[in-house]
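Okay, here's what each chain looks like letter by letter:
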Amino acid sequence: MASGNAIRGSRVGAGPMGEAERGESAPRSRISFWCANKHETRPSFAAEAVIPDTWDCPRCGFPAGQDEHNPPAPSRNEPYKTHLAYVRERRTDADGEAILAEALAKLRGEI
Ligand SMILES: [Zn+2]
């Protein structure tokens, strides 16, 4: 029988265990928050702590909420233009030029 690939350890994703040093006895729980960019952050809270509705995403700064599928909307203070907005603006400019050109042509009696 071929062998040699014995599974050596079976560590099941153990986290850092350095928390007992301060002699904390209060149990802590980790709460998952998701931001609009689907970043998950899991701050830990003391059992008696009040869990906030939102948590600032450490990666992008957006507010994160506990509902993964319905994260809080990003701050409205940040002006953000979509690509579509740019395209629309450009098209409006082009339309404006076309209309202007047509008007000029009419003035010159070219139409
Ligand atoms: Zn984020």
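Residues numbered from 1 in each chain as written. Predicted model: local features only at pLDDT ≥ 70, side-chain atom pairs only at ≥ 80, totals over all residues. Heavy atoms only, no water.

Draft legend 1. Expanded view of the coordination of the zinc ion. The zinc ion binds to the protein through C35 (SG), H39 (ND1), C57 (SG) and C60 (SG), with metal-donor distances spanning 2.1 to 2.3 Å. The coordination sphere of the zinc ion comprises four donor atoms, whose angles at the metal cover 106 to 115°; the geometry is tetrahedral. Mapping the donors of the zinc ion onto the primary sequence yields the spacing C-x3-H-x17-C-x2-C. Here C35 is found in strand 2 (residues 33-35), whereas its partner C57 is found in the loop between strand 5 (54-56) and strand 6 (63-65), with 22 residues between them in sequence. (Donors = N, O, S within 2.8 Å, 3.2 Å for Na, K, Ca; no water. Tetrahedral: all angles 85-135°; square planar, octahedral: opposite > 155°, others 65-115°. Helix = DSSP H or I, 4+ residues; strand = E, 2+ residues; numbered from the N terminus.)

Draft legend 2. How the structure looks around the UniProt feature "binding site: Zn(2+)" (unreviewed entry) in the protein chain. In the numbering used here, UniProt assigns the "binding site: Zn(2+)" (unreviewed entry) feature to C35, H39, C57 and C60. What stands out for the annotated residues spanning 26 residues is how close their C-alpha atoms remain, the widest pair being 8.5 Å apart. A relative accessible area of 1% places C35 in the buried class. Leave out the neighbours within four places in its chain, and C35 touches C57, C60, F62, P63, A64 and P71. (UniProt positions renumbered as here; feature names shortened; annotations may be inferred. Buried < 20%, exposed > 50% of the residue type's maximum accessible area, 1.4 Å probe, protein only. Contact = heavy atoms within 4.5 Å.)

Draft legend 3. Local environment of a nonpolar patch on the surface. Together, L100, L104 and L107 line one region of the surface with nonpolar side chains, adding up to about 320 Å² of accessible area. Along the chain, L100 falls in helix 1 (residues 83-107). On the basis of relative accessible area, L100 is assigned to the exposed category, the value being 53%. (Patch = residues over 30% accessible without salt bridge, like charges linked within 9 Å, V, L, I, M, F, W, Y side chains within 5 Å. Areas by Shrake-Rupley, 256 points an atom, 1.4 Å probe, with all protein chains shown as cover. Salt bridge = Lys/Arg side-chain N within 4 Å of Asp/Glu carboxyl O.)

Draft legend 4. Spatial organisation of the packing of aromatic side chains. Under the defined criterion, the tally for this structure stands at three aromatic pairs. With a centroid separation of 5.9 Å and 25° between ring planes, the pair formed by F33 and W55 is classed as stacked. Of the two residues, F33 is situated in strand 2 and W55 in strand 5; the sequence distance between them amounts to 22 residues. Looking at W55, the relative accessible area reads 30%, which means it is partly exposed. Through a chain of ring-to-ring contacts, the aromatic side chains of F33, F45 and W55 assemble into a single cluster. (Phe/Tyr/Trp six-rings, centres within 6.5 Å; stacked < 30°, edge-to-face > 60°.)

Draft legend 5. Focus on the sheet that holds strand 2. Spatially, four strands are ordered 3-2-6-5 in an open sheet, and the strand pairing comes out antiparallel. Looking at which strands have only one partner, the edges of the open sheet turn out to be strand 3 (40-41) and strand 5. Relative to strand 6, strand 2 runs antiparallel, the two sharing two bridges. Following the sheet pairing, C35 is matched in strand 6 by A64. (Pairing = 2+ DSSP bridges.)

Draft legend 6. Broad picture of the side chain of T41. With respect to the helices and strands, T41 occurs in strand 3. Judged by its relative accessible area of 12%, T41 falls in the buried class. When sequence neighbours within four positions are dropped, the list of residues in contact with T41 reads I31, S32, F33, W55 and P58.

Draft legend 7. Representation of the nonpolar core within the structure. Among the nonpolar cores identified, the biggest contains seven residues, and these are I31, F33, C35, F45, C57, F62 and A64. When neighbours within four sequence positions are excluded, A64 is seen to be in contact with F33, W34, C35, D53, T54, W55 and P72. (Core = buried A, V, L, I, M, F, W, Y, C linked by side-chain atoms within 4.5 Å.)

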